[in-house]
Amino acid sequence: MFDESLLDDPDGLSRADLHGLLRGAAESGARVRTAMRDAAEAGIDALRPDGRPRAVLVAGPGPAGGSTADLLAALAGDSCPVSLIRPAGVAPAPGALRWTLPGWTGPLDLLLVASPDGTEPGLALLLEQAYRRGCTVVTVSPTGSPLADATAQVRGLAIPLTVTPYEAAMAGGASRNDDSLVALPTGPGTLWSLLTPLLVLADRIGLAEAPPAALEALADRLDHIAERCGPAIATYSNPAKTLAAEVADTLPLIWTEGELAAAVGRRFATVLAALAGRPALAAELPEALTAHGTLLAGDFAAGADPEDFFRDRVEESEALHARVVLLRERGPDVTSPAGAARELALHRETPVSELEADEDSSPLETAADLLATTDFAAVYLALAAKPVTW
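All figures in this text were calculated on a predicted structure; none of them were measured in a lab. Every chain begins its residue count from 1, and numbering advances along the sequence as written. Under the rules for a predicted model, residues below a pLDDT of 70 receive no local features and side-chain atom pairs below 80 are neither given nor counted, while totals for whole chains, interfaces and linings still include all residues. Excluded from the side-chain calculations are hydrogens and water; all other atoms, namely the structure's heavy atoms, are used.

Focus on the sheet that holds strand E11 (residues 352-356)
Rules: A pair of strands is considered paired only if DSSP assigns at least 2 bridges between the two. Counting from the N terminus, the helices are DSSP H or I runs at least four residues long and the strands are E runs at least two residues long. An axis is simply a line fitted to the C-alpha atoms; with a helix, the fit covers only the stretch in contact. Between two such axes, the angle follows the N-to-C directions and lies from 0 to 180 degrees. The criterion used for residue contact is that any of the two residues' heavy atoms lie within 4.5 Å.
Strand order across the open sheet formed by four strands is E9-E8-E10-E11, with parallel pairing between neighbours. Lying at the two open borders of the sheet, with one neighbouring strand each, are strand E9 (281-284) and E11. Averaged over all neighbouring strand pairs, the angle between strand axes comes to 20°, with direction disregarded. Both strand E8 (residues 250-257) and E9 contribute to a ladder of four bridges, which runs parallel. Residue pairing for E9: Leu 253 is matched across the bridge by Leu 281. Running over the sheet, helix H10 (residues 239-247) touches E8, strand E10 (321-328) and E11 and is turned about 150° from E10. Its contacts with the sheet place helix H11 (residues 259-276) against E8, E9 and E10, and it is angled at close to 160° to E8.

Given below as structure tokens:
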């Protein structure tokens, strides 16, 4: 049950936010600046690379690792192939997962490992594989974690994961049986702690353009979005709260245009499931029109149930209908499939939500616009919906 009235109750949102998700989203800009300093102190500025690596491999547990690889690949573009090493195992738990390097991996390749926890034994074994192959290793994990120690053993570069004083206090004061105080690895702030040091490294090795000035502009943009999407801003002028209210009690079909928007769309679907417990499907345009077209005419279509008008709305739950969410990096032009997507949705009586980055934004600022707004929306949906046990 989605309680829309809670969106305009800042005190109620604060009481419901046991995991500090809103604080994590609001502090993303500050986290980027701190992560830049932490990366410099770790020695990235002293690197003297001979050139770009042949390939970049990214590994990490859970959604955070996948989102980091996805965004890094989108920002790198065609400069160098970036791919995620997916784990195998009997359960998504420390000790059960194993990562394996591709057979072609060698001294010309770079392995990046991003872990919010740093306790996965399988990642330490992956570092040993990379060392035997002569592959360069860079990791981002908490200071003093087993992964940071393993990085030192294989002569890799260990970058400390940036945490806020609030997170440190939560982690230090939480007991083993008190899950309500533990920060979530899928939280909005964690992604920027993992991604920012890798962006500093990517700029250093020529993988992507992320100089200090661009990262400072990224942090400023995140601060600006936090002001626009904060809990004190009313729903009617808050794009994140508006999006949360629109997708509540629907099946979001997240249609994206552009590589960065595609990465953000997949991230949005991930956090909707992980934080709000809501299903969502993400697809890239124009393929999304074919992949999801049947959903707009089937059981999830807005007019799928002709008897819905006479349903007992007290005793029965509402039917789940599709809603299209269009994510774009820039305004549509004559070659854009966005117009066809909007026309198809409206023809099938399916409502459409649209989110677009500001004009003349850099790739990093575009990522900030789309990521921060959708992360805030997922948090508001999680807090205003029926509580989910994480």
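Let's talk about the side chain of Arg 323
Put simply, the rule reads: Nitrogen and oxygen atoms within 3.5 Å of one another constitute a polar contact, given that in protein one can donate a hydrogen and the other can accept it, and given that sequence-neighbouring residues count only through two side-chain atoms.
Structurally, Arg 323 is set in strand E10. Reaching out from Arg 323, the side chain makes a polar contact with the side chain of Ser 353 at a distance of 2.7 Å. Sequence-distant contacts of Arg 323, that is, excluding residues within four places in its chain, are made with Glu 246, Val 247, Thr 250, Leu 251, Pro 252, Leu 253, Thr 350, Pro 351, Val 352 and Ser 353.

Remarks on the packing of helix H4 (residues 62-76) against H11
Any two packed helices are characterised by the angle at which their axes cross and by the distance between the axes. Condition: Here the angle decides the label: under 35 degrees means roughly parallel, over 145 means roughly antiparallel, 65 to 115 means roughly perpendicular, and every other value means oblique. The residue classification treats Ala, Val, Leu, Ile, Met, Phe, Trp, Tyr, Cys and Pro as nonpolar and Asp, Glu, Lys and Arg as charged. All others, Gly included, are polar.
Between H4 and H11, the least distance of the axes is 8 Å, while the angle of their chain directions is 170°. Here H4 is positioned roughly antiparallel relative to H11, judged by the angle of their axes. In contact with Pro 63, Ser 67, Asp 70, Leu 71, Ala 74 and Leu 75 of H4, H11 contributes Glu 259, Leu 260, Ala 263, Val 264, Arg 266, Arg 267 and Thr 270. Broken down by class, the residue content of the contact of H4 with H11 amounts to seven nonpolar, two polar and four charged.

As for the packing of aromatic side chains
Here a ring pair, both rings aromatic, is described through the centre-centre distance and the interplanar angle of the planes. The condition is simple: Paired rings are identified among Phe, Tyr and Trp, the last through its six-membered ring, by centres lying within 6.5 Å, and are further divided according to the angle between planes into stacked (under 30 degrees), edge-to-face (over 60) and tilted (the rest). Buried, partly exposed and exposed residues are distinguished by accessible area as a fraction of the type maximum, computed with a 1.4 Å probe on protein chains only: under 20%, between the cut-offs, and over 50%, respectively.
All told, the structure shown has one aromatic pair when counted by the stated rule. Here the aromatic rings of Phe 376 and Tyr 380 are separated by 6.1 Å at their centres, their planes lie at 25°, and the arrangement is stacked. Highlighted residues: Phe 376 and Tyr 380, both in helix H14 (residues 363-384), separated by four residues, approximately one helical turn. There is no split in this pair, since Phe 376 and Tyr 380 are both buried.

Some remarks on H10
We count it as follows: By arc we mean the arc of the directions from the helix axis to the C-beta atoms, nothing more.
Among all positions of H10, only Ala 240, Lys 241, Leu 243, Ala 244 and Val 247 are buried. All buried residues of H10 project into a common sector of 160° when viewed along the axis, lining one side. Just downstream of H10 lies Asp 249, where phi reads positive at about 60°.

Comments concerning the nonpolar core
Put simply, the rule reads: Among buried residues, the Ala, Val, Leu, Ile, Met, Phe, Trp, Tyr and Cys ones that are joined through side-chain atoms within 4.5 Å form a nonpolar core.
The biggest cluster of nonpolar side chains holds 86 residues, and the ones touching the most others in it are Leu 112 and Phe 268. Examining the composition of this core, we find that 15 residues originate from one element, H14, more than from any other. Those residues in contact with Leu 112 that sit more than four places away from it in its chain are Val 56, Leu 57, Val 58, Ala 59, Leu 72, Val 138, Leu 198 and Leu 201. Judged by nonpolar contacts, the second largest core, of 17 residues, contains Ile 85, Leu 111, Leu 126 and Ala 150.

Observations regarding the environment of Pro 363
Along the chain, Pro 363 falls in helix H14. Exposure remark for Pro 363: the relative accessible area of 52% places this residue in the exposed category. C-alpha separation for the pair Pro 363 and Leu 218, spaced 145 residues apart in sequence, amounts to 9.4 Å.

As for the pattern of salt bridges
Just so we agree on the cut-off: By definition, a salt bridge exists where a carboxyl oxygen of Asp or Glu is found within 4 Å of a side-chain nitrogen of Lys or Arg.
The tally for this structure, following the rule as stated, stands at 18 salt bridges. One salt bridge connects Asp 358 with Arg 221, and the closest N-O pair in it is separated by 3.9 Å. Here the residue Asp 358 occupies a position in the loop between E11 and H14, and Arg 221 occupies one in helix H9 (residues 212-229), the gap between them amounting to 137 residues. Under the relative-accessibility criterion, Arg 221 is labelled buried at 15%. The structure contains a network of salt bridges with shared partners spanning Arg 33, Glu 216, Asp 220 and Asp 223.

A closer look at H4
Here is the rule we go by: One less than the number of residues in a helix, times 1.5 Å, gives the span that helix is expected to have.
The first and last C-alpha atoms of H4 sit 22 Å apart over 15 residues, in line with the 21 Å expected at 1.5 Å per residue. For H4, the set of buried residues is Ala 64, Gly 65, Ser 67, Thr 68, Ala 69, Leu 71, Leu 72, Ala 74, Leu 75 and Ala 76.

Some points on the sheet that holds strand E7 (residues 157-160)
A sheet is described by the order of its strands in space; here five strands give the open sequence E2-E1-E5-E6-E7, paired in parallel fashion. The sheet is open, and its two borders are formed by strand E2 (82-84) and E7, each paired with just one other strand. Sheet twist, expressed as the average angle between the axes of neighbouring strands with direction ignored, equals 20°. In terms of strand pairing, strand E5 (residues 110-114) meets strand E6 (residues 136-141) through five bridges, oriented parallel. Bridging from a neighbouring strand, Leu 110 pairs with Thr 136 of E6. Against the sheet, helix H8 (residues 188-204) makes contact with E5, E6 and E7, and its axis sits at roughly 145° relative to E6, the strand it touches most.

Here we look at the environment of Ala 93
With respect to the helices and strands, the residue Ala 93 is situated in the loop between strand E3 (88-89) and strand E4 (97-98). Look at Ala 93 and you get partly exposed, because its relative accessible area is 32%. When the C-alpha positions of Ala 93 and Glu 120 are compared, they lie 8.2 Å apart, and in sequence the two are 27 residues distant.

Topic: the side chain of Asp 38
What counts here: Just so you know, the count uses Lys and Arg for positive and Asp and Glu for negative, and it drops His and the chain ends.
Here Asp 38 shows up in helix H3 (residues 28-42). Within the buried set, Asp 38 has no salt-bridge partner at all; the shortest N-O distance to an opposite charge, 6.0 Å, is to Arg 37. If near-sequence neighbours (up to four positions away) are discounted, Asp 38 is found in contact with Pro 160 and Thr 162.

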